[in-house]
Amino acid sequence: MRFNSNVLGTAMPPLVELPRRAGELAEQGVDVIRVDQGAVDVPPPRAFVERVADALRDPNVHRYSPDPGLPELRSALARYAAQRLGVECDPERELIVTAGANQGCFAVMMALVEPDDEVLLPSPWYFNHAMTLTSLGAVPVPVPTSGEEGFTPTPDAVAAAITPRTRGLVLVNPNNPTGACYGDDLVRRLVELAVERDLWVLSDQTYHELHYGAEPPLSPATIPGARDHVVTAGSFSKSLGLAGWRLGFLAGPADLLDEVLKIQDCSVICAARAGQEGLLAALPEAEQHITRMRDTLRDRRDRLVTSLRAAGLETFVEPGGSLFLFLRLPGVADDMAFCHRLLEEQHVVVVPGSAFGPGGEGSIRLSFGATPTDRLDEVVHRIADAIT
Ligand SMILES: Cc1ncc(COP(=O)(O)O)c(C=O)c1O
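The rules behind the values
- Residues numbered from 1 in each chain as written.
- Predicted model: local features only at pLDDT ≥ 70, side-chain atom pairs only at ≥ 80, totals over all residues.
- Helix = DSSP H or I, 4+ residues; strand = E, 2+ residues; numbered from the N terminus.
- Rg over C-alpha atoms; globule rule 2.2 N^0.38 Å.
- Buried ≥ 20, exposed ≤ 12 C-beta atoms within 10 Å, placed from the backbone.
- Contact = placed C-beta atoms within 7 Å.
- Axes fitted to C-alpha atoms, helices over the stretch in contact; angles between N-to-C directions.
- Parallel < 35°, antiparallel > 145°, perpendicular 65-115°, else oblique.
- Left-handed = near helix turned anticlockwise from the far one by under 90°.
- Nonpolar A, V, L, I, M, F, W, Y, C, P; charged D, E, K, R; others polar.
- Pairing = 2+ DSSP bridges.
- Near = placed C-beta within 6 Å.
- Domains from an automatic or database assignment.
- Expected span 1.5 Å × (residues − 1).
- Right-handed = clockwise from strand over helix to strand, strands pointing away.

1. A look at the overall build of the chain
Each helix and strand in the chain was counted, giving 13 helices and 12 strands. Here the chain has a C-alpha radius of gyration of 21 Å; the compact-globule value for 388 residues is 21 Å, and the two agree. Within the span of the chain, comprising 388 residues, buried residues form 48% of the whole. Within the chain, residue pairs in contact and separated by at least 24 positions form 75% of the contacts whose partners lie at least 6 positions apart.

2. Details of the packing of helix α3 (residues 46–55) against helix α10 (residues 273–282)
Relative orientation of the contacting elements α3 and α10 amounts to 140 degrees, with a least axis distance of 8 Å. Taken together, the axes of α3 and α10 are oblique relative to one another. As for how α3 packs across α10, the hand of that crossing is right-handed. Only Ala 274, Glu 277, Gly 278, Leu 279, Ala 281 and Ala 282 of α10 make contact with α3, whose side of the interface consists of Ala 47, Phe 48, Arg 51, Val 52 and Ala 55. Residues belonging to the contact of α3 with α10 are distributed by class as follows: eight nonpolar, one polar and two charged.

3. Examining the sheet that holds strand β12 (residues 363–367)
A sheet is described by the order of its strands in space; here three strands give the open sequence β9-β12-β11, paired in antiparallel fashion. What marks the edges here is a single partner per strand, and that holds for β9 (324–328) and β11 (351–352). For β11 and β12, the ladder comprises two bridges, and the chain directions are antiparallel. Residue pairing across strands places Val 351 opposite Arg 365, the latter belonging to β12.

4. Remarks on the site of the ligand
Lining the immediate surroundings of the ligand are 13 residues, of which Gly 100, Asn 102, Asn 176, Ser 235 and Ser 237 lie closest. Grouping the amino acids of the shell around the ligand by side-chain chemistry returns four nonpolar, eight polar and one charged.

5. A few points about the packing of helix α5 (residues 101–112) against helix α9 (residues 254–266)
One can describe the packing of α5 onto α9 by two numbers: an axis separation of 9 Å at closest approach and a directional angle of 115 degrees. With respect to α9, the axis of α5 lies roughly perpendicular. Our pair here, α5 against α9, has a crossing hand that is right-handed. Of α9, the residues touching α5 (which contributes Ala 107, Val 108, Met 110 and Ala 111) are Leu 256, Glu 259, Val 260, Ile 263 and Gln 264. Of the residues in the contact of α5 with α9, the class split is seven nonpolar, one polar and one charged.

6. Considering the domain arrangement of the chain
Along its sequence, the chain is organised into domain 1 (5–43 + 287–387) and domain 2 (46–285). The centre of domain 1, based on its C-alpha atoms, is set 24 Å off from the matching centre of domain 2. If you look at the interface, domain 1 gives 36 residues, while domain 2 gives 37 residues. The set of elements that each furnish at least two residues to the side of domain 1 that touches domain 2 consists of α1 (5–8), α11 (286–310) and β9. For the side of domain 1 that touches domain 2, the leading source of residues is α11, giving eight residues. Per-class residue counts for the side of domain 1 that touches domain 2 are 18 nonpolar, 13 polar and five charged.

7. Digging into α9
Helix length check: α9, at 13 residues, gives a terminal C-alpha distance of 19 Å against a target of 18 Å (1.5 Å per residue), a fit within 8%. Among all positions of α9, only Leu 256, Leu 257, Val 260 and Gln 264 are buried.

8. Quick look at the environment of Ala 271
Its location among the elements puts Ala 271 in the loop between α9 and α10. Through-space distance from the C-alpha of Ala 271 to that of Trp 245 is 8.8 Å; in sequence the pair is 26 residues apart. In contact with Ala 271, not counting residues within four places along its chain, are Gly 69, Val 97, Thr 98, Ala 99, Arg 246, Leu 247 and Gln 276.

9. What about the pairing of strand β5 (residues 166–172)?
Summarising burial for β5: five of the seven residues are buried, a large majority. Pairing between strand β3 (residues 118–123) and β5: three bridges, direction parallel. Within β5, the residue paired with Val 119 across the bridge is Gly 168. As defined by bridge partners, β5 adjoins strand β6 (residues 200–204) across five bridges and the pair is classed as parallel. Bridge assignment links Gly 168 to a residue of β6, and that residue is Trp 200. Read as a crossover between parallel neighbours, the route from β5 over helix α8 (residues 184–196) to β6 is right-handed.

10. Observations concerning the sheet that holds β3
A sheet is described by the order of its strands in space; here seven strands give the open sequence β2-β8-β7-β6-β5-β3-β4, paired in mixed fashion. At either end of the open sheet lies a strand with only one pairing partner, and these are β2 (95–98) and β4 (139–144). Strand-to-strand twist in this sheet, taken as the mean axis angle between neighbours without regard to direction, amounts to 20 degrees. Sheet strands in contact with helix α4 (residues 71–85) are β2, β7 (230–235) and β8 (248–251), and its direction is about 105 degrees off that of β2.

11. Some details on the pairing of β9
With five of its five residues buried, β9 lies for the most part within the structure. Of the two faces of β9, the one carrying Phe 324, Phe 326 and Arg 328 and the one carrying Leu 325 and Leu 327 are both buried.

In structure tokens, the structure reads:
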């Protein structure tokens with residue numbers, strides 16, 4: 001078989017081997033701690049589970065929904081986007097339900113990029129965005145960020161990366177993998193720059209609800225003059241603990257979503273209908289649920305940060321949001337080799353920083369989404385032992 005050269009040229013992130021080996025060790029009875037996956041262990045809202053259980057007896061739930069999602073859910077999501085993200089949209093033309101944020105981002109990029117187009121990604125980056133662009137023949141261009149600047153991309157660095165071939169900017173705020181949460185002023189300046197240079201902005205707000213400051217981050221689509229340039233991707237994988245249900249949404253300009261719907265139609269057709277029904281029932285409880293989830297995650301973040309500092313490991317930026325802490329390993333050049341040794345000797349699974357593109361080398365990503373606080377202390381002891 002002859003494969004598409006862009007897909008062939010897209011590197012698989014090096015995440016397969018470590019979890020496979022972790023499984024082997026666990027089967028042998030080894031106490032392996034996994035802080036690699038961006039997963040949460042908080043169960044979904046009860047209303048979701050109950051509604052899905054009931055819905056299974058309804059013959060309609062086994063059928064397709066309209067491609068863009070159930071109309072009642074789209075209306076509810078438009079209210080949710082307005083209340084929680086500040087993003088106003090017309091549920092009929094400017095919002096579609098997707099099978100998770102990833103599918104939404106993929107469809108948006110497919111609708112927007114031509115081969116060789118350049119798209120700016122603050123780096124270290126979420127590797128699926130880079131993989132999507134490469135597989136479409138476009139070019140992910142890193143905008144370097146550094147721990148010294150809190151892993152935030154400066155407007156100057158973004159401006160410097162723009163060429164005549166640049167078409168778009170992807171913002172992930174709060175950020176995977178760095179845990180950075182960009183301040184409102186920075187978001188405003190980045191988006192104004194994008195608008196001025198006629199770039200589209202894909203705002204991946206998968207972690208929007210998981211911020212640890214007093215206020216949620218500013219949604220790019222709310223910035224005056226930006227509405228026609230910005231598409232917002234939302235997810236319920238983390239905030240409502242529904243990763244396995246594949247539920248998210250896109251809110252953006254109607255003409256863009258018309259194109260995205262073609263891709264939706266010839267790929268997933270619609271998000272699974274039982275999940276849509278469950279989400280509709282769960283949205284009224286979302287705020288309560290999210291507050292509990294955020295409190296749990298904030299405690300874990302605080303404990304991880306305290307524990308790392310107590311162990312003399314200070315080379316990280318305190319996460320302002322998301323589920324991740326990005327730890328630089330002083331003196332370690334080969335983060336992949338370190339991760340293998342950490343697993344073999346200390347039985348901890350983390351993600352090597354180099355999986356997250358330029359700037360990730362020599363670091364590791366830890367997730368505090370699914371590990372109780374006392375186990376996080378143990379993770380830190382084991383990492384400290386591996387470093388010394
Ligand atoms: C930045 C970012 N976007 C999208 C996703 C995927 O979200 P979903 O499960 O809604 O597809 C993730 C998951 O880790 C992520 O970190």
